[in-house]
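Breakdown of the fold
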Amino acid sequence: MRPPLEQAFPRPSVVGVVNVTPDSFSDGGLALRREAAVTRAHGLFEEGATLVDIGGESTRPGSEGVALDEELRRVVPVVEALQGLPVSVDTSKAEVARRTLALGAVMVNDVTALRGDPELGGVVAEAGGYLCLMHMLGEPRTMQHDPRYEDVVAEVKAFLEERLAAAVAAGVPEEHVCLDPGIGFGKTVEHNLELLGRLEELVALGRPVLVGASRKRFLGRILGDPDALTGPLAAGVAVAVLAYERGASLFRVHDVREHVQALAAARAVVGAR
Ligand code: HH2
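What comes next is a walk through the structure.

Rules of the game
Sequence order as written defines the numbering, with residues in each chain counted from 1. Totals for whole chains, interfaces and linings use all residues, but because this is a predicted model, local features are given only for residues with pLDDT of at least 70 and pairs of side-chain atoms are given and counted only at 80 or more. Heavy atoms from the whole structure form the basis of all side-chain values; hydrogens and water molecules are not counted. Per-residue accessibility, obtained with a 1.4 Å probe over protein chains only, is compared with the maximum for each type, and a residue is labelled buried under 20%, exposed over 50%, and partly exposed between these values. To qualify as a helix, a DSSP run of H or I must reach at least 4 residues; to qualify as a strand, a run of E must reach at least 2; elements of each kind are numbered from the N terminus. At least two bridges found by DSSP between two strands is the condition for calling them paired. All axes here are fitted lines through C-alpha atoms, helices being fitted over the stretch that makes contact, and every angle between N-to-C directions spans 0 to 180 degrees. Whether a crossing is left-handed or right-handed is set by the direction in which the near helix is turned from the far one by less than a right angle, anticlockwise for left-handed and clockwise for right-handed. Contact definition: two residues touch when any of their heavy atoms are within 4.5 Å. When residues are sorted by character, Ala, Val, Leu, Ile, Met, Phe, Trp, Tyr, Cys and Pro go into the nonpolar class, Asp, Glu, Lys and Arg into the charged class, and all the rest, Gly among them, into the polar class. Patch definition: residues with relative accessible area over 30% and no salt bridge; like charges joined within 9 Å; nonpolar side chains (Val, Leu, Ile, Met, Phe, Trp, Tyr) joined within 5 Å. For every accessible area listed, the method is Shrake-Rupley and the probe measures 1.4 Å; residues are considered covered only by the protein chains on display. One speaks of a salt bridge when a side-chain nitrogen belonging to Lys or Arg is within 4 Å of a carboxyl oxygen belonging to Asp or Glu. The cutoff for a nearby residue is simple: one of its non-hydrogen atoms must lie within 4 Å of the molecule or strand. Polar contact criterion, stated in full: a pair of N or O atoms within 3.5 Å, where within protein one must be able to donate a hydrogen and the other to accept it, and residues adjacent in sequence count only if both atoms are side-chain atoms. Relevant arc is that of directions from the helix axis to the C-beta atoms, nothing else. By definition in this entry, angles of less than 35 degrees are roughly parallel, angles greater than 145 are roughly antiparallel, angles of 65 to 115 are roughly perpendicular, and the rest are oblique. Crossover handedness is defined here as right-handed if the route from the first strand over the helix to the second strand goes clockwise, with the strands pointing away from the viewer. For a helix, the expected span equals 1.5 Å multiplied by the number of residues minus one.

1. Points about the pairing of strand β1 (residues 13–19)
- Within β1, six of the seven residues are buried, leaving the element largely enclosed by the surrounding structure.
- Across four bridges, β1 lies against strand β8 (residues 250–253) in parallel orientation. Counterpart to Val 15 in the pairing with β8 is Arg 252.
- The pairing of β1 with strand β2 (residues 51–55) spans five bridges and is parallel. When the bridges of β2 are listed, Asn 19 appears paired with Gly 55.

And the structure:
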C-alpha cells in the first residue's frame, strides 16, 4: 500500500499542469501534441515539480466534455511515455483512470469529486491510487453563470467532507485523498477570495488541501482587467504563498520554477517563526 499522500507529497508540493487538449496547443496534430506534452512534463520535473497532472479534457469555463475514445487517445500515450515518474491524471472517467493507473499513474484528479462516473472511486481504490476531490458548483459549460452561495466556505467544506466520505465508502483510504476548493469552478472573484482567505477552515478537515489558482481569470480581474482570459504569474504566485501560509499542501501550477522558488522562500520564513 502506498504511504499517506502527505508523506509522498510533503507540503509544499508543486504539481505541474500538462494539457493534451487542442485549445492548449495550437500546433494541430495529435502526435505533435502528445510529444509536446511529454517534453513539457519532463521540463516541469526538472523545474522541481513533485507531480505532473496530465489532462485530456478542458474544464475551463464554457468548455464541453470530450468523448472517452478521444480522451484515451490524448492521455494514455503520454502517461505511457512518462512511466516511472509521478504522474496524476486529470479525468472524471473510470476507464481513463483504469488505463492510466495500470501504466503507473499515481493519482487521479477528479474535478467532479466522484459525482461524474459511478465507477471511478472503485477503480482508484483497486489500483491503490491517490485521489484529488475538487469542489465545483454546476458543470464547466455553465458554472460561471451567476454562482450563488449563502456561505461559500461552509458549503465547500460540507461538500468536501461528504465527498471524502463517499471516496472512503468506495474503498479509497482517507490517507490517499486530498481536497481542493476548486478555485474558479462556479465561483465569483469574491467567492474565490473568501475561500483563499479562510482556507484554514478547509485545512481543518484534516486532509492535505490542493489549490489551483495559477493563471486563473480572477487574478486578472483583481488587477482591474474584466476581460482577462488568464491571470498574471506574479498574482498567482502571491496567492500560492498565502495559501501555503494558511495550510495548503499542494499547488497545481503552470509555471513550476517560479512557484518552487516562492514556496521554498515562504517555507523558510514560516519555519523561522
Ligand atoms: N483547475 C483546472 C483543471 N483542473 N484540477 C484541480 N484539482 N484543481 C483545479 O483548480 C483545476 C483542476 C483548470 O485549469 P487549467 O489547467 O488552466 O485549464 P484546463 O482545464 O484547460 O486544463
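So that's the structure; there's more coming.
2. So, the packing of helix α10 (residues 233–245) against helix α11 (residues 256–271)
- α11 packs onto α10 with a crossing angle of 35° between their chain directions and a minimal axis gap of 10 Å. Crossing of α10 over α11 shows right-handed handedness. Between α10 and α11, the contacting residues are Leu 233, Gly 236, Val 237, Ala 240, Val 241, Tyr 244 and Glu 245 on the first element and Glu 258, His 259, Ala 262, Leu 263, Ala 266, Arg 267 and Val 270 on the second.
- Its residues placed into classes, the contact of α10 with α11 shows nine nonpolar, two polar and three charged.

3. A look at a nonpolar patch on the surface
- A contiguous nonpolar surface patch, about 290 Å² in accessible area, is contributed by Leu 193, Ile 222 and Leu 223.
- With respect to the helices and strands, Leu 193 occurs in helix α7 (residues 189–197).

4. What to know about the site of the ligand
- Around the ligand, 17 residues are found, and the nearest of them are Asn 19, Thr 59, Asn 109, Asp 180 and Lys 216.
- Residue Asp 90 places a side-chain N or O atom 3.0 Å away from a nitrogen atom belonging to the ligand.
- Contact between the ligand and Gly 212: an oxygen atom at 3.4 Å from a main-chain N or O atom of the residue.
- Protein contacts shield 97% of the accessible area of the ligand, which totals 470 Å² for the unbound molecule.
- Mapped onto the shell around the ligand, the elements with two or more residues apiece are β1 and β5 (130–134).

5. What to know about helix α5 (residues 120–127)
- For α5, the complete set of buried residues consists of Leu 120, Gly 121, Val 123 and Val 124. Down the axis of α5, the buried side of the element spans an arc of 165°, and every buried residue falls inside it.
- At its buried positions, α5 is contacted by α4 (94–102), β4 (107–110) and β5.
- Looking one or two places after α5, you find Gly 128, whose phi comes out positive at around 70°.

6. Comments concerning the sheet that holds β5
- Across the sheet, eight strands lie side by side as β6-β5-β4-β3-β2-β1-β8-β7; this open sheet has parallel pairing. At either margin of the open sheet sits one strand with a lone partner, and together these are β6 (177–180) and β7 (210–211).

7. Structural notes on the packing of α4 against α5
- It is at 8 Å that the axes of α4 and α5 come closest, and there the two elements cross at 10°. Classified by the angle their axes make, α4 and α5 are roughly parallel. Mapping the contact onto sequence places Ala 94, Ala 97, Arg 98 and Leu 101 in α4 and Leu 120, Val 123, Val 124 and Ala 127 in α5.
- For the contact of α4 with α5, a count of residues per class yields seven nonpolar, no polar and one charged.

8. Some thoughts on the environment of Asp 225
- Of note, Asp 225 is situated in the loop between α9 (217–222) and α10.
- From its side chain, Asp 225 meets the backbone nitrogen of Asp 227 in a polar contact 3.1 Å long.

9. Regarding the pairing of β2
- Along β2, five of the five residues are buried, which leaves the element largely enclosed by surrounding structure.
- Neither face of β2 is left uncovered, since the one carrying Leu 51, Asp 53 and Gly 55 and the one carrying Val 52 and Ile 54 both have all their residues buried.
- Here β2 pairs with strand β3 (residues 87–90) via four bridges, running parallel. Note on β3: the bridge partner recorded for Ile 54 is Val 89.
- In the classification by handedness, the crossover that spans β2, the intervening helix α3 (residues 68–81) and the parallel β3 is right-handed.

10. Observations concerning the environment of Pro 4
- Following the sequence through the fold, Pro 4 ends up in the segment before α1 (5–8).
- Judged by its relative accessible area of 25%, Pro 4 falls in the partly exposed class.
- In this structure, the C-alpha to C-alpha distance between Pro 4 and Glu 174, residues 170 residues apart in sequence, is 8.5 Å.
- Not counting chain neighbours up to four residues away, the residues in contact with Pro 4 comprise Tyr 130 and Glu 175.

11. Overview of helix α6 (residues 152–169)
- The terminal C-alpha atoms of α6 lie 26 Å apart, and with 18 residues this matches the ideal 26 Å at 1.5 Å per residue to within 8%.
- Of all the residues in α6, the buried ones are Val 152, Val 153, Val 156, Phe 159, Leu 160, Arg 163, Leu 164 and Ala 167. Projection of α6 onto a plane perpendicular to its axis shows the buried side chains occupying an angular sector of 140°, all on one side.
- Where α6 is buried, its residues touch β5, β6, α7 and α8 (200–203).
- Capping the start of α6 is the job of one residue whose side-chain oxygen sits 3.1 Å from the backbone nitrogen of Val 153: Asp 151.
- Positioned one or two residues after α6, Gly 171 has a phi angle of 105°, which is positive.

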